[in-house]
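Listed here are the chains, written in short residue letters.
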Amino acid sequence: MKQYFISKKNYNGEVVFVNYDKVNGYKVNPKNNFPYEGIKVNEMIIIKPSLIDKIIKRKIKKHLDFYLKVIIDNIDNDSDDDTRIALDDLARYKKVIKEKYSIYLDKKYMELLNKKISVIERELQNNLICEKSYEEVKKR
């Protein structure tokens, strides 16, 4: 597999081969949903810090929105299976953020993110407790 470097700044129509083993950046795998005639990209390394920051924050926001949706949906439904799955997934995702994303994000944002995650985690746990107490009252 060949690796190429295309720079927008110095682009003069030719593609340059670069050894990416020494380049530090954030690896992204594009989804390639649209068929087109051109270069098919399997993996991209982004080295611009501001772009890395935006991509990671967007990914994190999508995950947090999913957990909030589970909390809201749990109010309407009486199923605690989704809440348990979301709680386990949130614990896993917290580790992913700490290990994978913390090197790219600043300290202030990480502190805010940890507070948001703890609030979501607490709310999911409260939903589980409420479901258990509701079921116990229902059995009596």
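In what follows, the structure referred to is the one given above.
In this report, we go over the structure that sits alongside the text. (Residues numbered from 1 in each chain as written. Predicted model: local features only at pLDDT ≥ 70, side-chain atom pairs only at ≥ 80, totals over all residues. Heavy atoms only, no water.)

All right, on to the overall build of the chain then. If you tally the helices and strands in the chain, you get three helices and four strands. Expressed as a percentage of its 140 residues, the buried residues of the chain come to 23%. Considering only contacts within the chain whose residues lie at least 6 apart along the sequence, 55% involve residues at least 24 apart. Total accessible area on the chain stands at roughly 11400 Å², and carbon and sulfur atoms take up 54% of it. (Helix = DSSP H or I, 4+ residues; strand = E, 2+ residues; numbered from the N terminus. Buried < 20%, exposed > 50% of the residue type's maximum accessible area, 1.4 Å probe, protein only. Contact = heavy atoms within 4.5 Å. Areas by Shrake-Rupley, 256 points an atom, 1.4 Å probe, with all protein chains shown as cover.)

Another aspect to go through is the nonpolar core. Most often, soluble globular proteins have nonpolar side chains that are buried together. In this structure, Ile-60, Ile-97, Tyr-101, Leu-113 and Leu-124 are the most contacted members of the largest nonpolar core, which totals 24 residues. The set of elements that each furnish at least two residues to this core consists of strand E3 (26-28), helix H1 (49-76), helix H2 (81-101) and helix H3 (107-139). Excluding residues within four positions of it along the chain, Leu-124 makes contact with Val-70, Ile-71, Thr-83, Ala-86, Leu-87 and Leu-90. (Core = buried A, V, L, I, M, F, W, Y, C linked by side-chain atoms within 4.5 Å.)

Here we come to the side chain of Asn-127. Structurally, the position occupied by Asn-127 is in helix H3. The residues contacting Asn-127, other than those within four sequence positions of it, are Ile-71, Asn-74 and Thr-83.

With respect to the secondary-structure elements, Thr-83 resides in helix H2. When residues no more than four places from it in sequence are discounted, the contact partners of Thr-83 are Val-70, Asn-74, Leu-124, Asn-127 and Leu-128.

A few words now on the environment of Gln-125. Here Gln-125 shows up in helix H3. With 42 residues separating them along the chain, Gln-125 and Thr-83 place their C-alpha atoms 8.1 Å apart.

Our focus in this paragraph is a positive patch on the surface. Positive charge collects at one region of the surface, where Lys-31, Lys-48, Lys-54, Arg-58 and Lys-62 lie side by side. Judged by relative accessible area, Lys-62 falls into the exposed class, the value being 57%. (Patch = residues over 30% accessible without salt bridge, like charges linked within 9 Å, V, L, I, M, F, W, Y side chains within 5 Å. Salt bridge = Lys/Arg side-chain N within 4 Å of Asp/Glu carboxyl O. Lys, Arg positive; Asp, Glu negative; His and termini not counted. Charge placed at Lys NZ, Arg CZ, Asp CG, Glu CD.)

What follows deals with the pattern of salt bridges. Within the structure shown, the criterion is met by five salt bridges. Among the salt bridges present, the one from Lys-69 reaches Asp-73, with a minimum N-O distance of 3.1 Å. A residue pair is termed a helical-turn pair when its members lie 3 or 4 positions apart in one helix, as Lys-69 and Asp-73 do in helix H1 at four residues. Look at Asp-73 and you get partly exposed, because its relative accessible area is 32%. Where Lys-94 meets Glu-121, a salt bridge forms, and the shortest distance between an N and an O atom there is 3.1 Å.

What follows is about the packing of aromatic side chains. If you walk through the whole model with that rule in mind, you get three aromatic pairs. Taken together, a centroid distance of 5.4 Å and an interplanar angle of 80° make the contact between Tyr-26 and Tyr-104 edge-to-face. In this pair, Tyr-26 sits in strand E3 while Tyr-104 sits in the loop between H2 and H3, placing the two residues 78 residues apart along the sequence. You can call Tyr-26 buried: its relative accessible area is 2%. Among the aromatic side chains, those forming a connected cluster through ring pairs are Tyr-26, Tyr-101 and Tyr-104. Against the face of Tyr-109 rests Lys-57, its NZ or CZ located 4.5 Å from the ring centre. (Phe/Tyr/Trp six-rings, centres within 6.5 Å; stacked < 30°, edge-to-face > 60°. Lys NZ or Arg CZ within 6 Å of the ring centre and 35° of its normal.)

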